[in-house]
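Descriptive structure summary
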Amino acid sequence: MKPDDSSLQSFELAAVERRAQDLLNRASAWGRFPTPIDDLLSAAKLRVAPKGMFDAEAFLQFVKKKAAQAAQTLKSALSKAL
């Protein structure tokens, strides 16, 4: 049976809990409801990406760029082989 990716061993769970408690302490977020996400992000020194990972336009630009790079690499390889 394959181990479940979402299950943690006891030492891993303890490490996650310590990190979560440390973050809540740094953000002064204990007992604040709703949870102050902006304060947590700031305490963790994280930023939210301006565009979603599944933005179709950004994905198409990425694919076009990679296709152009692949075409250039292939042309270079063919010119060297010929």
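Everything below is about the structure shown above.
Now for a description of the structure that goes with this document. Everything quoted here is computed from the prediction, not taken from an experiment.

1. Description of the overall build of the protein
- When its secondary structure is counted, the protein shows three helices and zero strands.
- Listing the helices and strands of the protein from first to last along the sequence gives α-α-α.
- On C-alpha atoms alone, the protein measures out to a radius of gyration of 23 Å, which is more than a quarter above the 12 Å that the 2.2 N^0.38 rule sets for 82 residues.
- When the backbone C-alpha atoms are referred to their principal axes, the protein occupies close to 70 × 40 × 20 Å.
- Within the protein, the proportion of its 82 residues that are buried is 6%.
- When the accessible surface of the protein is summed, it comes to about 7,800 Å², and 61% of that surface belongs to carbon and sulfur atoms.
- Mean positive and mean negative side-chain charge positions of the protein (13 and 9 charges, respectively) differ by 13 Å.

2. Here's the deal with helix α1 (residues 10-26)
- The first and last C-alpha atoms of α1 sit 24 Å apart over 17 residues, in line with the 24 Å expected at 1.5 Å per residue.
- The positive-phi residue at the C-terminal boundary of α1 is Ser28, with phi of around 50°.

3. Here we look at unusual backbone geometry
- Cis geometry is found at the peptide bond from Phe33 to Pro34, where omega equals -5°.
- Tracing the backbone shows Pro34 in the loop between α1 and α2 (37-43).
- Despite not being glycine, Ser28 has its phi angle at roughly 50°, a positive value.

4. Remarks on the pattern of salt bridges
- If you walk through the whole model with that rule in mind, you get two salt bridges.
- In this structure, the salt-bridge partner of Arg26 is Asp22, at a minimum N-O distance of 3.2 Å. With Arg26 and Asp22 both in helix α1, this residue pair falls four residues apart, about one helical turn.
- Taking relative accessible area as the criterion, Arg26 reaches 48% and is therefore assigned partly exposed.
- Residue Asp22 is classed as partly exposed on the basis of its relative accessible area, which comes to 38%.
- Linking Asp39 and Arg32 is a salt bridge whose minimum nitrogen-to-oxygen distance equals 2.6 Å.

5. Observations regarding a nonpolar patch on the surface
- A surface patch of nonpolar side chains, about 400 Å² in accessible area, is lined by Phe59, Leu60, Phe62 and Val63.
- Here Val63 falls in the partly exposed class, since its relative accessible area comes to 38%.

About the criteria used
Residues numbered from 1 in each chain as written. Predicted model: local features only at pLDDT ≥ 70, side-chain atom pairs only at ≥ 80, totals over all residues. Heavy atoms only, no water. Helix = DSSP H or I, 4+ residues; strand = E, 2+ residues; numbered from the N terminus. Rg over C-alpha atoms; globule rule 2.2 N^0.38 Å. Buried < 20%, exposed > 50% of the residue type's maximum accessible area, 1.4 Å probe, protein only. Areas by Shrake-Rupley, 256 points an atom, 1.4 Å probe, with all protein chains shown as cover. Lys, Arg positive; Asp, Glu negative; His and termini not counted. Charge placed at Lys NZ, Arg CZ, Asp CG, Glu CD. Expected span 1.5 Å × (residues − 1). Salt bridge = Lys/Arg side-chain N within 4 Å of Asp/Glu carboxyl O. Patch = residues over 30% accessible without salt bridge, like charges linked within 9 Å, V, L, I, M, F, W, Y side chains within 5 Å.

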